[in-house]
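Survey of secondary and tertiary structure
The primary structure of each chain is shown beneath.
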Amino acid sequence: MPDSRDVLSPSGLPISAVYRPADVPLEYDRDLGDPGRYPYTRGVQPDMYRGRLWTMRQYAGFGTAQETNARFRLLLGKGQTGLSVAFDLPTQMGIDSDSPRALGEVGRVGVAIDTVEDMHALLDAIPLEQVSTSMTINATASTLLAMYIVVAEERGIPRAALSGTIQNDILKEYIARGTYIYPPAPSLALIAEVFRFCASEVPSWNPISISGYHIREAGATAVQELAFTFANAMVYVAGAVDAGLPVDSFAPRLSFFFAAHSDLFEEVAKFRAARRLYARLMRERFGAAEANCRLRFHTQTGGVTLQAQQPLNNVVRVTIQALAAVLGGTQSLHTNGFDEALSLPTAEAATLALRTQQIIGYESGAAHTADPLAGSYYVEALTDELEREAEALLRVVEEMGGAARAVEAGFFQDEIARSAYEYQLRVERGDTTLVGVNKFTDGDLPPVFPSPDYSALEREQVSRLQAVRANRNSSVCDAACAALAEAAAAYAHAGAVKPHLMPLIIDTVRARASVGEISALLCNSWGTYRPTS
């Protein structure tokens with residue numbers, strides 16, 4: 001154990017051996033407040049989970065829509081309360097399954113969706129008016145939302161009855177994940193258009209989930225996760241306001257997505273600091289009503305923390321991380337399967353991950369009272385310090401001209417790479433302990449899980465796509481695509497009047513245009529993004 005004077009949190013914050021009242025110079029009403037009251041440090045609802053537990057989601061996507069539908073129905077039958085969809089890389093990148101660029105990638109890290117017929121299969125027999133669906137999709141988010149709406153429409157379900165979330169957070173793609181297609185300017189304009197459309201047509205849908213999770217997965221610290229996420233959020237909010245939307249017309253539907261890692265107290269403090277910082281930013285910068293300054297967020301346990309060695313240890317890691325999210329006041333939670341460092345999660349692992357949430361919710365007592373760690377000198381001091389450090393880093397980004405400029409300069413990428421490198425060095429030196437990896441090892445090789453026949457899966461998916469193309473009304477599809485292409489051209493010119501794209505995207509989807517076809521015609525107007533650093 002290091003000397004107590006040298007103990008640091010994973011974000012590098014010094015941790016004292018003992019905390020006392022003098023370490024927490026906070027005013028209750030100004031800095032904490034009761035749960036459900038500004039600045040929402042203690043939670044966004046007065047009674048938190050006594051009113052309703054968080055939404056229990058399990059992220060799933062398996063090759064074909066039919067396989068994924070079977071997993072969704074299994075989990076819903078075991079008590080899951082919301083869906084969360086993982087898409088394969090071609091779908092995320094706007095590439096059809098029969099493209100040479102998709103070869104070898106179809107269905108490998110999520111479900112392949114080419115046309116609305118695949119979306120019909122994905123959602124078969126699932127009551128969309130009762131189940132909330134989250135879709136982790138960004139560059140093609142508008143197209144996948146359009147598909148979801150058309151599926152509902154063709155099943156007789158009104159748009160107003162739909163609830164869910166599209167991630168739709170393109171800035172973090174430039175920063176951390178890389179599944180971007182178009183340059184920032186038209187991408188941000190399209191996001192503002194989705195905000196407008198959802199506010200008027202799909203009022204219970206969250207048009208964006210501003211993601212710190214992938215920033216953290218790339219190697220960021222908790223401080224960087226907060227600062228960079230809110231830097232991105234400020235760009236989205238400002239863009240929507242500049243497009244003529246009153247902030248209070250869309251602020252209630254903004255949502256966020258954070259990671260939960262294994263340092264229990266830093267993670268709890270991070271979530272509390274995030275609520276307070278966000279509330280102050282929204283009120284002081286944009287004049288949002290206090291009721292619309294609530295930070296609503298989904299949490300996923302840390303994928304990057306899962307280890308291939310001694311994989312059952314991941315059950316314990318996931319439990320600690322899930323508990324941190326609950327004690328920190330999350331609204332929605334996904335718990336990873338213990339085998340995800342080795343394969344797509346098996347049904348057994350996914351069920352155990354769901355049971356982990358249910359045991360925390362129904363057996364642990366963590367849901368009995370709002371913000372149960374409030375008043376802990378340690379937690380309050382950490383909350384204050386995380387907010388202060390994140391706000392300071394946010395100011396650095398804004399002095400560079402904001403998140404878009406910081407992306408162009410490579411600032412986010414460099415900062416995250418540095419943090420990831422320093423963490424790896426600590427692990428390799430043994431300064432940071434990973435049980436079963438660099439300490440308490442047993443020498444056993446990780447287990448091997450069988451893989452699906454991805455070649456056969458790809459052939460089946462390509463056959464389905466080509467059948468849709470052969471059977472659709474080509475003249476109707478061509479006309480819908482031409483109308484979208486004409487409207488999209490205005491988004492390539494700064495200052496041009498931006499026509500409403502979402503109704504036109506819905507028309508192309510209804511006409512059975514594919515994800516790749518829609519993306520290609522937008523690329524013809526907007527070009528593709530090429531990083532400069």
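Only a predicted model underlies this, so the values are computations on that prediction, with no experimental measurement involved.

The subject of this paragraph is the overall build of the protein chain. Check the secondary structure of the protein chain and you find 20 helices and nine strands. In terms of C-alpha radius of gyration, the protein chain reaches 23 Å, essentially the compact-globule figure of 24 Å for 533 residues. Here the C-alpha coordinates of the protein chain stretch approximately 75 × 55 × 45 Å along the principal axes. Relative to its 533 residues, the protein chain shows a buried fraction of 55%. Of the contacts formed within the protein chain by residues at least 6 apart in sequence, a portion of 78% connects residues at least 24 apart. Where the 46 positive side-chain charges of the protein chain centre and where its 61 negative ones centre are 3 Å apart.

With that out of the way, let us pick up the pattern of salt bridges. The tally for this structure, following the rule as stated, stands at 32 salt bridges. The shortest N-O distance in the salt bridge between Arg285 and Glu398 comes to 2.3 Å. Here Arg285, found in helix H11 (residues 264–286), pairs with Glu398, found in helix H14 (residues 377–399); they are 113 residues apart in sequence, far enough to count as distant. Glu398 sits in the partly exposed class, given a relative accessible area of 29%. Each of Glu27, Arg30, Asp31, Arg276, Arg280, Asp384, Glu385, Glu387 and Arg388 takes part in one network of salt bridges that share partners.

A separate point is the packing of helix H5 (residues 141–154) against helix H7 (residues 184–201). Contact geometry for H5 and H7: axes closest at 11 Å, N-to-C directions at 25°. For the element pair H5 / H7, the angle class is roughly parallel. Taken together, the residues of H7 that come into contact with H5 (itself represented by Ser142, Leu145 and Ile149) are Leu190, Val194, Phe197 and Cys198. For the contact of H5 with H7, a count of residues per class yields six nonpolar, one polar and no charged.

Evaluation of the coordinates by the stated rule reveals 22 aromatic pairs. Aromatic side chains Tyr174 and Tyr180 sit 5.4 Å apart centroid to centroid with 35° between the ring planes, which places their arrangement in the tilted category. Its relative accessible area of 6% is what places Tyr174 among the buried residues. Put simply, the rings of Phe230, Phe256, Phe258, Phe271, Tyr278 and Phe297 touch in pairs and so form one group of aromatic residues.

With 146 residues, the main nonpolar core has Met135, Phe230, Met282 and Phe412 as its most contacted residues. For this core, the element with the highest residue contribution is helix H9 (residues 222–242), accounting for twelve residues. Discounting residues that sit within four places of it in the chain, Met282 has contacts with Met234, Val237, Val247, Ala251, Leu254, Gly287, Ala288 and Cys293. Membership of the second largest hydrophobic core comes to six residues, among which are Ile95, Ala102, Tyr454 and Leu457.

As a further point, take the environment of Asn313. Its place among the elements puts Asn313 in helix H12 (residues 313–327). Placed 186 residues apart in sequence, Asn313 and Pro127 show a C-alpha to C-alpha distance of 36 Å. Sequence-distant contacts of Asn313, that is, excluding residues within four places in its chain, are made with Val435 and Gly436.

Here we take up helix H13 (residues 347–362). Spanning 16 residues, H13 covers 22 Å between terminal C-alpha atoms, matching the ideal 22 Å at 1.5 Å per step. Of the residues making up H13, those classed as buried are Ala349, Ala350, Thr351, Ala353, Leu354, Thr356, Gln357, Gln358, Ile360 and Gly361. For H13, the secondary structure elements touched by its buried residues are strand E1 (55–60), helix H2 (65–77), H12 and strand E9 (332–334).

Let us look at the pairing of strand E8 (residues 297–301). In terms of burial, E8 is largely enclosed, as five of its five residues are buried. The two faces of E8 match: Phe297, Thr299 and Thr301 on one face and His298 and Gln300 on the other face are all buried. Inspection of the sheet shows strand E7 (residues 254–260) paired to E8 by five bridges, in the parallel sense. Bridging across to E8, Phe258 finds its partner in Thr299. Between E7 and its parallel partner E8, the chain crosses via H11, and the hand of that crossover is right-handed. By the bridge criterion, three bridges tie E8 to E9 in an arrangement that is parallel.

Moving on: the packing of helix H18 (residues 474–488) against helix H19 (residues 502–510). Running from amino to carboxyl end, H18 crosses H19 at an angle of 155°, the nearest separation of the two axes being 8 Å. Between H18 and H19, the interaxial angle falls into the category roughly antiparallel. Every pair of crossing elements has a handedness; the one defined by H18 and H19 is left-handed. Each of Ala480, Cys481, Ala483, Leu484 and Ala487 in H18 lies in contact with H19, whose residues at this interface are Leu504, Ile505, Asp507 and Thr508.

In this section: the environment of Gln92. Relative to the elements of secondary structure, Gln92 occurs in helix H3 (residues 89–92). Aside from chain neighbours lying at most four places away, what touches Gln92 is Phe87, Ile137, Ala139, Thr140, Arg177, Thr179 and Ile181. Polar contacts involving the side chain of Gln92 include one to the main-chain carbonyl oxygen of Phe87, which spans 2.7 Å.

Below, the discussion takes up the sheet that holds strand E5 (residues 205–206). In spatial order, the strands read E5-E4-E3-E2-E1-E9-E8-E7-E6; together these nine strands make up an open sheet with parallel pairing. What marks the edges here is a single partner per strand, and that holds for E5 and strand E6 (208–211). With four bridges joining them, E1 and strand E2 (residues 82–86) adopt parallel strand pairing. From the neighbouring strand, Gln58 faces E2, where its bridge partner is Leu83. Along the sheet face, H5 touches strand E3 (132–136), strand E4 (164–166) and E5 and points at about 150° away from the line of E3. In the packing of H11 onto the sheet, the strands contacted are E7 and E8, and the crossing angle to E7 comes to about 155°.

The next thing to look at is the state of the cysteines. A covalent bond between the sulfur atoms of two cysteines is referred to as a disulfide. Per the stated rule, a full pass over the model turns up zero disulfides. This cysteine, Cys481, is not joined by any disulfide, and Cys477 carries the nearest cysteine sulfur, 4.3 Å off.

The subject of this paragraph is helix H20 (residues 515–526). Across its twelve residues, H20 extends 16 Å between first and last C-alpha, which sits within 8% of the 16 Å expected from 1.5 Å per residue. Every buried residue of H20 is listed here: Val515, Gly516, Ile518, Ser519, Leu521, Leu522, Cys523 and Trp526. As for H20, its buried residues are in contact with H3, H5, H7, H18 and H19. Downstream of H20 by one or two residues, Gly527 has phi in the positive range, about 80°.

Rules behind the numbers
- Residues numbered from 1 in each chain as written.
- Predicted model: local features only at pLDDT ≥ 70, side-chain atom pairs only at ≥ 80, totals over all residues.
- Heavy atoms only, no water.
- Helix = DSSP H or I, 4+ residues; strand = E, 2+ residues; numbered from the N terminus.
- Rg over C-alpha atoms; globule rule 2.2 N^0.38 Å.
- Buried < 20%, exposed > 50% of the residue type's maximum accessible area, 1.4 Å probe, protein only.
- Contact = heavy atoms within 4.5 Å.
- Lys, Arg positive; Asp, Glu negative; His and termini not counted.
- Charge placed at Lys NZ, Arg CZ, Asp CG, Glu CD.
- Salt bridge = Lys/Arg side-chain N within 4 Å of Asp/Glu carboxyl O.
- Axes fitted to C-alpha atoms, helices over the stretch in contact; angles between N-to-C directions.
- Parallel < 35°, antiparallel > 145°, perpendicular 65-115°, else oblique.
- Nonpolar A, V, L, I, M, F, W, Y, C, P; charged D, E, K, R; others polar.
- Phe/Tyr/Trp six-rings, centres within 6.5 Å; stacked < 30°, edge-to-face > 60°.
- Core = buried A, V, L, I, M, F, W, Y, C linked by side-chain atoms within 4.5 Å.
- Expected span 1.5 Å × (residues − 1).
- Pairing = 2+ DSSP bridges.
- Right-handed = clockwise from strand over helix to strand, strands pointing away.
- Left-handed = near helix turned anticlockwise from the far one by under 90°.
- Polar contact = N/O pair within 3.5 Å; in protein donor to acceptor, adjacent residues only side chain to side chain.
- Disulfide = S-S within 2.5 Å.

These figures come from the coordinates and say nothing about function on their own.
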